[in-house]
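The primary structure of each chain is shown beneath.
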Amino acid sequence: MFTDFYDSFYYSLLIAATGTCLFLFKRVQKPFRLLAILTVLTLVNELISKYVALVLHNNSIVYHFFTPVEFLLYVLIYKEFFSEKKWTRILWICFASLVLAEIFNTIFFQPLSVSNTNILLLENILLVVFSLGLFIKIRESAYYEDLLKEGIFWFNCAVLFYYAFSTLVWGFHSIKVYYLKNPPMIIYNFLLIFSGLLYTIFAFAVGINSITAKKRSRINE
Amino acid sequence: MNKLLQINSTDVTVFIFAGIIVLALLFGFIMYFLFSYRHKQKDFQLLHQQKLQMDIQKTELEKTLRELRSAQAQLIQSEKMASLGELTAGIAHEIQNPLNFVNNFSEISNEMIVEMKEELATGNLELATEIAKDIKQNLEKINYHGRRADAIVKAMLQHSRISSGQKEPTDINKLADEYLRLAYHGLRAKDKSFNADFKTDFDESIDKINIVAQDVGRVLLNLFNNAFYSVYEKYRNMPGIQHLAEPYKPIVSVQTKKLHTPSEDGGIEITVKDNGNGIPQNIIDKIFQPFFTTKPTGEGTGLGLSLSYDIIKTHGGEIKVRSTEGEGTEFIIWLPA
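Note that the structure is a prediction, hence the values are computed from the model and not measured.

Definitions and limits used
Residues numbered from 1 in each chain as written. Chains lettered and ligands numbered in written order. Predicted model: local features only at pLDDT ≥ 70, side-chain atom pairs only at ≥ 80, totals over all residues. Helix = DSSP H or I, 4+ residues; strand = E, 2+ residues; numbered from the N terminus. Buried ≥ 20, exposed ≤ 12 C-beta atoms within 10 Å, placed from the backbone. Contact = placed C-beta atoms within 7 Å. Nonpolar A, V, L, I, M, F, W, Y, C, P; charged D, E, K, R; others polar. Expected span 1.5 Å × (residues − 1). Pairing = 2+ DSSP bridges. pLDDT = per-residue confidence, 0-100. Core = buried A, V, L, I, M, F, W, Y, C linked by C-beta atoms within 7 Å. Axes fitted to C-alpha atoms, helices over the stretch in contact; angles between N-to-C directions. Left-handed = near helix turned anticlockwise from the far one by under 90°. Parallel < 35°, antiparallel > 145°, perpendicular 65-115°, else oblique.

Asker: I'm lost on the overall build of chain B in this one. Help?
Answerer: The number of helices and strands found in chain B is six helices and seven strands. Each helix and strand of chain B, ordered N terminal to C terminal, gives the series α-α-α-β-α-β-β-α-β-β-α-β-β. Among the 337 residues that make up chain B, the fraction classed as buried is 24%. Expressed as a percentage of contacts within chain B between residues at least 6 apart in sequence, the contacts between residues at least 24 apart total 73%.

Asker: Help me understand the overall build of chain A, please; the structure alone is not making it clear to me.
Answerer: What chain A contains, in helices and strands, is seven helices and zero strands. Of the regular secondary structure in chain A, the N- to C-terminal order runs α-α-α-α-α-α-α. For chain A, the residues scored as buried account for 35% of the 221 residues in total. Relative to all contacts within chain A whose residues are 6 or more apart in sequence, the contacts with residues 24 or more apart total 74%.

Asker: Could you clarify how one ought to interpret the interface of chain B and chain A in this entry?
Answerer: Much of the literature gives interface size as the accessible area that the parts lose upon coming together. In this assembly, 18 residues from chain B lie in contact with 20 residues from chain A. Looking at the side of chain B that touches chain A, the element that brings in the most residues is helix α2 (residues 9-122) of chain B, giving 16 residues. For the side of chain B that touches chain A, a count of residues per class yields 13 nonpolar, three polar and two charged.

Asker: How do you make sense of helix α4 (residues 85-108) of chain A when you look at a structure like this?
Answerer: Because each turn of an α-helix spans 3.6 residues, side chains separated by three or four positions in sequence point in the same direction. Residue and element names in this part refer to chain A. For α4, with 24 residues, the first-to-last C-alpha span of 34 Å sits near the 34 Å given by 1.5 Å per residue. Those residues of α4 lying buried are Leu91, Cys94, Leu98, Glu102 and Asn105. On its buried face, α4 sits against α3 (60-82) and α5 (117-141).

Asker: Where do I start with helix α5 (residues 213-236) of chain B in this structure?
Answerer: A rise of 1.5 Å per residue sets the reference length of α5 of chain B, with its 24 residues, at 34 Å; its end C-alpha atoms lie 34 Å apart and thus fit the reference within 8%. Counting buried positions over the 24 residues of α5 of chain B gives 22, a clear majority of the element.

Asker: Help me understand the environment of valine 216 of chain B, please; the structure alone is not making it clear to me.
Answerer: All names here are of chain B. By the element assignment, valine 216 lies in helix α5. As for valine 216 and leucine 175, which are separated by 41 residues in sequence, their C-alpha atoms are 8.6 Å apart. Other than its neighbours up to four places away in sequence, valine 216 contacts Leu175, Ile211 and Ile311.

Asker: What's the story with the pairing of strand β5 (residues 268-274) of chain B in this structure? I'm lost.
Answerer: Walk down a regular strand and you will see the side chains alternate between the two sheet faces. Residues and elements named next belong to chain B. Counting buried positions over the seven residues of β5 gives five, a clear majority of the element. Across seven bridges, the pairing between strand β4 (residues 251-258) and β5 is antiparallel. When the bridges of β5 are listed, threonine 256 appears paired with isoleucine 270. As paired strands, β5 and strand β7 (residues 328-335) are joined by seven bridges and run antiparallel to one another. Looking across to β7, one finds that lysine 273 is bridged to glutamate 330.

Asker: Which parts of the structure should I look at to understand the confidence of the model for chain A?
Answerer: Note: predicted coordinates in regions of low pLDDT should not be interpreted at a detailed level. In this model, chain A carries a mean pLDDT of 89, and residues with pLDDT of at least 70 account for 92%. Here helix α7 (residues 185-220) of chain A stands out as the least confident element of chain A, with mean pLDDT 86; α4 of chain A is the most confident, with 96.

Asker: Can you help me understand the nonpolar core in this one?
Answerer: Most often, soluble globular proteins keep nonpolar side chains buried together rather than apart. Core analysis: the largest hydrophobic core is formed by 60 residues, its most contacted members being Leu35, Trp154, Phe155, Ala158, Phe202, Ala205 and Val206 of chain A. For this core, the secondary structure elements donating two or more residues are α1 (5-24), α2 (30-56), α3, α4, α5, α6 (151-177) and α7 of chain A together with α2 of chain B. Take this core: its biggest share by element is 17 residues, from α6 of chain A. Formed by 39 residues, the second largest nonpolar core is a distinct cluster that contains Leu187, Val216, Ile311 and Trp334 of chain B.

Asker: Where do I start with the packing of α5 of chain B against helix α6 (residues 304-314) of chain B in this structure?
Answerer: The description of two helices packed together rests on the angle between their axes and the distance between the axes. All names here are of chain B. One way to put it is that α5 packs onto α6 with a least axis distance of 9 Å and a crossing angle of 145°. α5 and α6 meet at a crossing whose hand is left-handed. For the pair formed by α5 and α6, the contact residues are Asp215, Val216, Arg218, Val219, Asn222, Leu223 and Asn226 on the first element and Gly304, Leu305, Ser308, Ile311 and Ile312 on the second.

Asker: Got a minute to help me understand the environment of glutamine 110 of chain A in this structure?
Answerer: All names here are of chain A. Looking at the secondary structure, you find glutamine 110 in the loop between α4 and α5. We classify glutamine 110 as partly exposed; it has 19 C-beta atoms within 10 Å. Between the C-alpha atom of glutamine 110 and that of serine 60, which follows or precedes it by 50 residues, the distance is 9.8 Å. The contact partners of glutamine 110, leaving out residues within four places of it in the chain, are Asn105, Ser115, Asn116, Thr117 and Asn118.

Asker: Where do I start with unusual backbone geometry in this structure?
Answerer: Most peptide bonds are trans, and most residues other than glycine sit at a negative phi. Residue and element names in this part refer to chain A. Its identity as a non-glycine residue notwithstanding, histidine 57 has a phi of 60°, on the positive side. By the element assignment, histidine 57 lies in the loop between α2 and α3. Here serine 83, not a glycine, exhibits a phi torsion of approximately 40°, which is positive. One can find serine 83 in the loop between α3 and α4.

Asker: For this particular structure, what's the right way to read the sheet that holds β7 of chain B?
Answerer: Sheets are built from strands paired through backbone hydrogen bonds, the pairs being either parallel or antiparallel. Residue and element names in this part refer to chain B. Pairing is mixed across the open sheet formed by five strands, whose spatial order is β2-β4-β5-β7-β6. A single partner strand is all that each edge strand has here, and the edge strands are β2 (197-201) and β6 (318-324). On average, each strand axis in the sheet is inclined to that of its neighbour by 10°, with strand direction left out of account. The strands that helix α4 (residues 172-190) touches are β2, β4 and β5; relative to β4, the one it contacts most, it runs at about 170°.

Asker: I tried to follow the pairing of β4 of chain B on my own but got confused; where do I start?
Answerer: Where β2 of chain B and β4 of chain B come together, five bridges link them in parallel fashion. In the strand pairing of β4 of chain B, threonine 200 of chain B is matched with valine 254 of chain B.

Asker: Sorry if this is basic, but what is going on with the confidence of the model for chain B here?
Answerer: All names here are of chain B. Confidence along chain B averages 83 in pLDDT terms, with 85% of residues attaining 70 or more. Here helix α1 (residues 2-5) stands out as the least confident element of chain B, with mean pLDDT 43; β5 is the most confident, with 94. Of the regions scoring below 50 in pLDDT, residues 1-5 engages in two contacts with residues more than four places distant in sequence or in other chains. The complex prediction reports pTM at 0.54, with the ipTM value standing at 0.83.

Asker: Where do I start with the packing of α3 of chain A against α4 of chain A in this structure?
Answerer: Residue and element names in this part refer to chain A. For the pair α3 and α4, the least separation of the axes is 9 Å and the interaxial angle reads 175°. Between α3 and α4, the crossing angle belongs to the class labelled roughly antiparallel. Contacts between α3 and α4 involve His64, Thr67, Pro68, Phe71, Leu72, Val75, Tyr78, Lys79 and Phe82 on the former and, on the latter, Trp87, Thr88, Leu91, Cys94, Phe95, Leu98, Val99, Glu102 and Thr106. Looking at the contact of α3 with α4, its residues break down into 12 nonpolar, four polar and two charged.

Below, the structure is given as structure tokens:
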């Protein structure tokens, strides 16, 4: 089922991250529960896409549906982190725009049989913007004592790194290899490694939050 | 288009380099972010500490303020009791007079009753009726002086009581006269050598005005005491006073006046004037400050004028001072009618 090392690497990390998230689900705060749900859904999506690929030899359709769902979960997570009316409005506008763009893109540019890279690119850019916005908010509030011991920091770092790199990959893809039948796999392999790392850091963030949430609840008691 | 469809190793290298640059930039950003966050957090911690310190200071200040208020209340009560002490001698003197009348008239009346009985026994009804008439007059006088003594005791009790703050129609002339006499007799009783004269000039057209009599009485008593103290100090410290061509006559006067003209805003004016030492110009602005006194240690709390100022302000009035060093002082109180 997993064709090569990169695939195996990615799926191993994703399964491990999903297991961790499910194990810690009850002990973490709301945004991290949403993050755990996102990780689980990603694994489910990947398994479905594998199955669809085996049956139809083209799994692009799965991503057309999964991208808005994934973005919705990110929107919900950032909404929790920002907890500001202004940002809530921005996040929902972005979500609505992405859904409309997906429909428009599917109808006019990238049908269900083709990978929705345009929407992935848009999603990546928006997530990079959210991540930078959250960094600014964290800095302004200066609420956390040790940022390196906070799940929010690791989550946001992972989002920034991964989606900035992903933007580069999909940008490169759109410019250079979109029309190629056999594009160079190296860039996708990079993306697989980074994806694996992304979910590993998500699990790490969930783990850290389970510890800090426990500490804070003790202090509050 | 063909060129676009071809991808070579250079493109991949460019991609990898771009990727490395992006990652390096992001890493740099995160490092900068962590650095600036720690810096900002230090500032926040400092601010937080300062806030904590300020909260502690605020709590301490509030505690001190509470203590000060309590001390102030105690001082006010002490000042009141001190003035009561000063009054005691005056009051005793004031009560003594009516008591003397009561005693004398009752003794005389007693004798007259014996006389009347004798006259009745001899059948001299006309004389007996005359004597009975005189006895009646004596009894009226006894009653009058008894009521006077009663009023003095009541006034004394009122003075010592905590002010109810309730304003009631008061005859200001009567109040001023009463306290002037009390102050005078009080000083005389305390110091036999005390010598001063007093004068009153009351405007009889003044109606009763709404004041807290107990408080305004305290103000007047304080001004009279100060005035008597000043004139007597001047008298005592004047060398060879007996040999002067025009001997110094210590005098304190009180005048009340109803203000009629539109420019005077109505109300009443009470002027307490003395021909004592006067107040030096360099301290005249400080006399209404709490704890400011020119009297020797132990003789004054320094709260008298400060309290007087507060009492008059509470009544919506004004208190002003005019003084010429060596010539005398004049306190003018204005109270709304």
